[in-house]
Amino acid sequence: MAQQKRIDTDRWLDEHGDTLFGYAIVRLGDRDLAEDIVQETFLAALRGQDTYLGQSSERTWLIGILKHKLMDHYRKRYRERSLTDAAQELQDDPVMEQMFDDRGHWKPGPSRWGNPRAALHEKEFWRVLRECIQRLPERLADTFRLRVLDELSSEDVRNIMNISTTNLGVMLYRARLHLRHCLERNWFHGPTMKGNT
Amino acid sequence: MLACKKASRLICDALDRDLTRRERIALRFHLCICNMCRRFRKQARFLQEIGVELEEAVEKGVLQDRLSPEARERIKEALRQGES
């Protein structure tokens, strides 16, 4: 009779729980949702433990399962094709309206950020970035997450989110403009300058 | 002649697809004479890079997101049930 090696699942949680959770929450922005997906991931890992042959580290294996769960989540969320008109969305975007004047010039335009890479060493900066992503309208946030955080190809993002090339272009454009604006106001040039909390 | 609004769109598009030759030329010309858009391009590229680096920050635990004790226990319990 085959002897099944018992996995110490408590150890799994202690060693990997927070990392998986951190990974999930950056992509989902919602604690409850992130907790659910982490739980699903561990359960799937438990059921599929025979497929883990030690070809990668345990954590890499678990993150792989988590990524699948996240993709399933996105596909389900965006299964219904969006009927919004991308060009109209762009026009209706109040943040965008403030950025350019009638002639299409910056109003007032990006401020100097100095040496932005220096910010990467500051823990607080990552929180601000994560917060700024979360503040995006949900579809824009998800598009940005899939394309930039997960580095999926434009085609893959379109498939998962069930949108056209035009839609994707507009959404990423809006996401980047919003994000840039948010980071400028909350980090590089805003009242909450790094160091002053 | 491109206006900045259109240029900013092309700058973003260039991060996800190849621009057409016409678009490339128009954008290059605009960037020669517009420092605002040059600045914007630097910042847009920075945003692209840090997206990737956020990944690493997460894996290194820089953000210190933690499961709540309740969630941790709940999941542990679910796994114990799953094992039996």
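Preceding this section is the structure that the text describes.
No experiment lies behind these values; they were computed from the predicted model shown. (Residues numbered from 1 in each chain as written. Chains lettered and ligands numbered in written order. Predicted model: local features only at pLDDT ≥ 70, side-chain atom pairs only at ≥ 80, totals over all residues. Heavy atoms only, no water.)

Undergrad: Would you explain the overall build of chain B in this entry?
TA: Secondary structure summary: chain B contains 4 helices and 0 strands in total. The order of helices and strands in chain B, counted from the N terminus, is α-α-α-α. The C-alpha atoms of chain B give a radius of gyration of 23 Å, which is well past the 12 Å a tight globule of 84 residues would have. Taken along its principal axes, the extent of the C-alpha atoms in chain B is 70 × 25 × 20 Å. In chain B, buried positions account for 49% of the 84 residues. Accessible surface computed for chain B: about 4800 Å², of which carbon and sulfur atoms make up 50%. Each charge class in chain B can be summarised by its mean position, and for the 19 positive and 14 negative side chains these summaries are 14 Å apart. (Helix = DSSP H or I, 4+ residues; strand = E, 2+ residues; numbered from the N terminus. Rg over C-alpha atoms; globule rule 2.2 N^0.38 Å. Buried < 20%, exposed > 50% of the residue type's maximum accessible area, 1.4 Å probe, protein only. Areas by Shrake-Rupley, 256 points an atom, 1.4 Å probe, with all protein chains shown as cover. Lys, Arg positive; Asp, Glu negative; His and termini not counted. Charge placed at Lys NZ, Arg CZ, Asp CG, Glu CD.)

Undergrad: Whenever I open this one, the nonpolar core confuses me. Can you help?
TA: Across soluble globular proteins, nonpolar side chains have a tendency to be buried as a group. Judged by nonpolar contacts, the single largest core of 67 residues is most densely connected at Phe42, Phe125 and Leu183 of chain A together with Leu54 of chain B. Residues Met99 of chain A together with Leu15, Phe40 and Ala44 of chain B belong to the second largest nonpolar core, which totals 20 residues. (Core = buried A, V, L, I, M, F, W, Y, C linked by side-chain atoms within 4.5 Å.)

Undergrad: Is there a simple way to think about the interface of chain A and chain B in this case?
TA: With 64 residues of chain A in contact, the opposing surface of chain B contributes 44 residues. Applying the counting criterion to the chain A and chain B interface returns 11 salt bridges. The closest approach of N and O atoms between Arg66 of chain B and Asp18 of chain A, which form a salt bridge, is 3.9 Å. Here chain A is connected to chain B by 24 residue pairs in polar contact (both at pLDDT 80 or more). Secondary-structure elements contributing two or more residues to the side of chain A that touches chain B are helix H1 (9-28), helix H2 (31-47), helix H3 (58-77), helix H6 (123-135), helix H7 (138-149) and helix H9 (165-188) of chain A. Residue contributions to the side of chain A that touches chain B peak at 13 residues, all from H1 of chain A. Split into classes, the residues belonging to the side of chain A that touches chain B amount to 33 nonpolar, 12 polar and 19 charged. (Contact = heavy atoms within 4.5 Å. Salt bridge = Lys/Arg side-chain N within 4 Å of Asp/Glu carboxyl O. Polar contact = N/O pair within 3.5 Å; in protein donor to acceptor, adjacent residues only side chain to side chain. Nonpolar A, V, L, I, M, F, W, Y, C, P; charged D, E, K, R; others polar.)

Undergrad: Explain the side chain of Arg72 of chain B to me, please; I cannot follow it from the model alone.
TA: If you trace the backbone, Arg72 of chain B turns up in helix H4 (residues 69-83). Exposure remark for Arg72 of chain B: the relative accessible area of 16% places this residue in the buried category. A polar contact of 2.8 Å, which involves the side chain of Arg72 of chain B, links it to the side chain of Asp18 of chain A. Excluding residues within four positions of it along the chain, Arg72 of chain B makes contact with Leu13, Asp14 and Asp18 of chain A together with Leu67 of chain B.

Undergrad: I keep staring at the packing of helix H2 (residues 21-33) of chain B against helix H3 (residues 35-60) of chain B and nothing clicks. Help me out?
TA: Working note: a packed helix pair is described by the angle between its axes plus the distance between those axes. Residues and elements named next belong to chain B. Two elements in contact, H2 and H3, have axes separated by 6 Å at closest approach and are oriented at 110°. When the axis of H2 is compared with that of H3, the two are roughly perpendicular. Between H2 and H3, the contacting residues are His30, Leu31, Cys32 and Ile33 on the first element and Asn35, Cys37, Arg38 and Arg41 on the second. In terms of residue class, the contact of H2 with H3 is built from 4 nonpolar, 2 polar and 2 charged. (Axes fitted to C-alpha atoms, helices over the stretch in contact; angles between N-to-C directions. Parallel < 35°, antiparallel > 145°, perpendicular 65-115°, else oblique.)

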